[in-house]
Amino acid sequence: MTGTRIAALGHYQPARVLTNDDLAALVDTSDEWITSRVGIRTRHVAGPDEPVDELAAHAAAKALASAGLAPADIDLVLVATSTATDRSPNTAARVAARLGMTSPAVMDLNVVCAGFTHALATADHAVRAGSATRALVIGADKMSDVADWTDRSTCVLVGDGAGAAVVEACEGDAAPGIGPVLWGSVPEMGNAVRIEGTPPRFTQEGQSVYRWATTQLPPIARAVCERAGVAPEDLAAVVLHQANLRIIEPIAQRIGAVNAVVARDVVESGNTSAASIPMALSKLVERGEVVPGAPALLFGFGGNLSYAGQVVYCP
């Protein structure tokens, strides 16, 4: 059976950097308050003339260049986002138009912070089934558009950015590959993370999310490794949704990935929702912190309360 692999990665962040001191001029907060509670020091914020599809297209172009591919080589574009302003054309269609693609299938997926790992699994399934040959999988969010900049409990968390992966077929057991997904949700707790209203605003029940993430998710993440046939101690990297450093560190510890590099991009990027996992993984690969063929656990979680994870082998 044909398997799949991530052939290349790319990421993009807007130029403007917002520091904790900058936020202290907007709301009653401080650098010490923010870093002690969520571990974030800076975040990148897009301007009004930088829509989500532009962020996504920049990351996608970088991934294509890294793979040595042309836009015409892609026949499926999946964009995970929950912050697109318009319903139609969808973000994927606008990315395809920006990149000059010919006739790809174009779909947006809204699974909020777990969006990228859901989209990656969807691309994996499509290529394995033969309905696509190469897919561009993008996580992109402009959380600054949905932030309440008067609420110090949420505005300190968010940032903007995009990450992208090129997914293609590989024969048999050839590595690097994409392992089976384990996904699900807790619908009765779905209101714990919300982006709703007119205009839409991001709110959450922080303590409920923290307890759920740190107590319920580690055994699920270990089950992802088991499904992939990889022991946690053999992981080279753990890339969790970059929600909050105080969530990432206990989950990573409880997974038992004692030899892995743990992505902590949240410190400089904030919570970028669906962009956080591909962006963090792309940076680890670009900096050489994980070598080609090394196994990495990707695990997204958040809104709905949804989760999805898979073990991938780094390009």
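Because the structure is predicted, anything quoted here is derived from the model rather than measured. (Residues numbered from 1 in each chain as written. Predicted model: local features only at pLDDT ≥ 70, side-chain atom pairs only at ≥ 80, totals over all residues. Heavy atoms only, no water.)

Asks: Looking at this model, I keep getting lost on the sheet that holds strand β8 (residues 182-185). Mind explaining?
Replies: Remark on secondary structure: sheet strands pair via backbone hydrogen bonds, oriented parallel or antiparallel. With mixed pairing, the five strands of this open sheet are ordered in space as β8-β14-β13-β11-β12. Since the sheet does not close on itself, it has two edges, and those belong to β8 and β12 (261-262), each with one partner. In the sheet, strand β11 (residues 237-240) pairs with strand β13 (residues 295-302) via four bridges, with the strands oriented parallel. Bridging across to β13, Leu240 finds its partner in Phe299. Strands in contact with helix α5 (residues 115-129) are β8, β13 and β14 (306-313); relative to β14, the strand with the most contacts, it is inclined by about 55 degrees. In this fold helix α7 (residues 206-228) packs onto β8, β13 and β14, with an angle of close to 145 degrees to the strand it touches most, β13. (Pairing = 2+ DSSP bridges. Helix = DSSP H or I, 4+ residues; strand = E, 2+ residues; numbered from the N terminus. Contact = heavy atoms within 4.5 Å. Axes fitted to C-alpha atoms, helices over the stretch in contact; angles between N-to-C directions.)

Asks: For this particular structure, what's the right way to read unusual backbone geometry?
Replies: Glycine aside, negative phi is the norm for most residues, and most peptide bonds take the trans geometry. Here the bond from Ser88 into Pro89 is cis, since omega is -5 degrees, no more than 30 degrees from zero. For Pro89, the location among the structural elements is in the loop between β4 (76-80) and α4 (91-99). In this chain, Thr198 is followed by Pro199 through a cis amide linkage whose omega measures 0 degrees. For Pro199, the position within the fold is in the loop between β9 (193-196) and β10 (201-204). Non-glycine residue Val112 carries a positive phi angle of around 50 degrees. Within the element layout of this structure, Val112 appears in the loop between β5 (105-109) and α5. A relative accessible area of 12% means that Val112 is categorised as buried. At Asn304, a residue that is not glycine, the phi angle is positive and equals roughly 95 degrees. What makes Asn304 partly exposed here is its relative accessible area of 33%. (Buried < 20%, exposed > 50% of the residue type's maximum accessible area, 1.4 Å probe, protein only.)

Asks: Looking at this model, I keep getting lost on α7. Mind explaining?
Replies: In this model, α7 (23 residues) spans 31 Å end to end at C-alpha, consistent with the 33 Å of a helix rising 1.5 Å per residue. Maximal helix bending in α7 amounts to about 45 degrees, located at Leu217; proline Pro218 follows within four positions. Buried within α7 are the following residues: Val209, Trp212, Ala213, Thr214, Leu217, Pro218, Ile220, Ala221, Val224 and Cys225. Where the residues of α7 are buried, they touch β8, β9, β10, α8 (245-255), β13 and β14. Positive backbone phi, approximately 75 degrees, marks Gly229, located one or two places after α7. (Expected span 1.5 Å × (residues − 1). Bend = angle between axes of the 7 residues up to and from the residue.)

Asks: I would appreciate a short explanation of the side chain of Asp53 in the present structure.
Replies: Residue placement: Asp53 occurs in helix α3 (residues 52-67). Within polar-contact distance, the side chain of Asp53 engages the side chain of Arg98 at 2.5 Å. Not counting residues up to four positions away in its chain, the partners in contact with Asp53 are Thr91, Arg94, Val95 and Arg98. (Polar contact = N/O pair within 3.5 Å; in protein donor to acceptor, adjacent residues only side chain to side chain.)

Asks: Any chance you could explain the pairing of β9 here in plain terms?
Replies: The two faces of a sheet get side chains in turn, since along a regular strand they alternate between them. The pairing of β9 with β10 spans four bridges and is classified as antiparallel. Counted as the bridge partner of Arg194 is Thr203 from β10. Between β9 and β10, which pair antiparallel in sequence order, lie four residues; one of them, Gly197, sits at a positive phi of approximately 100 degrees.

Asks: I keep staring at α8 and nothing clicks. Help me out?
Replies: At 3.6 residues per turn, the α-helix brings residues three or four places apart onto the same side. Every buried residue of α8 is accounted for by Leu245, Ile247, Ile248, Pro250, Ile251, Ala252 and Ile255. At the N-terminal end of α8, a side-chain oxygen is found 2.7 Å from the backbone nitrogen of Arg246, two or three residues along, and the residue is Asn244.

Asks: In this structure, what is going on with the pattern of salt bridges? I would like to understand it.
Replies: Opposite charge on two side chains permits them to pair, given that their charged atoms come into close proximity. In total, this model carries 16 salt bridges according to the counting rule given. Among the salt bridges present, the one from Asp124 reaches Arg128, with a minimum N-O distance of 2.7 Å. Remark: Arg128 and Asp124 occur in helix α5; sequence separation between them is four residues, near one turn of the helix. Given a relative accessible area of 33%, Arg128 falls into the partly exposed group. One network of salt bridges, with partners in common, ties together Arg5, Arg134 and Glu168. (Salt bridge = Lys/Arg side-chain N within 4 Å of Asp/Glu carboxyl O.)

These results come straight from atomic positions and should not be treated as a statement about function.
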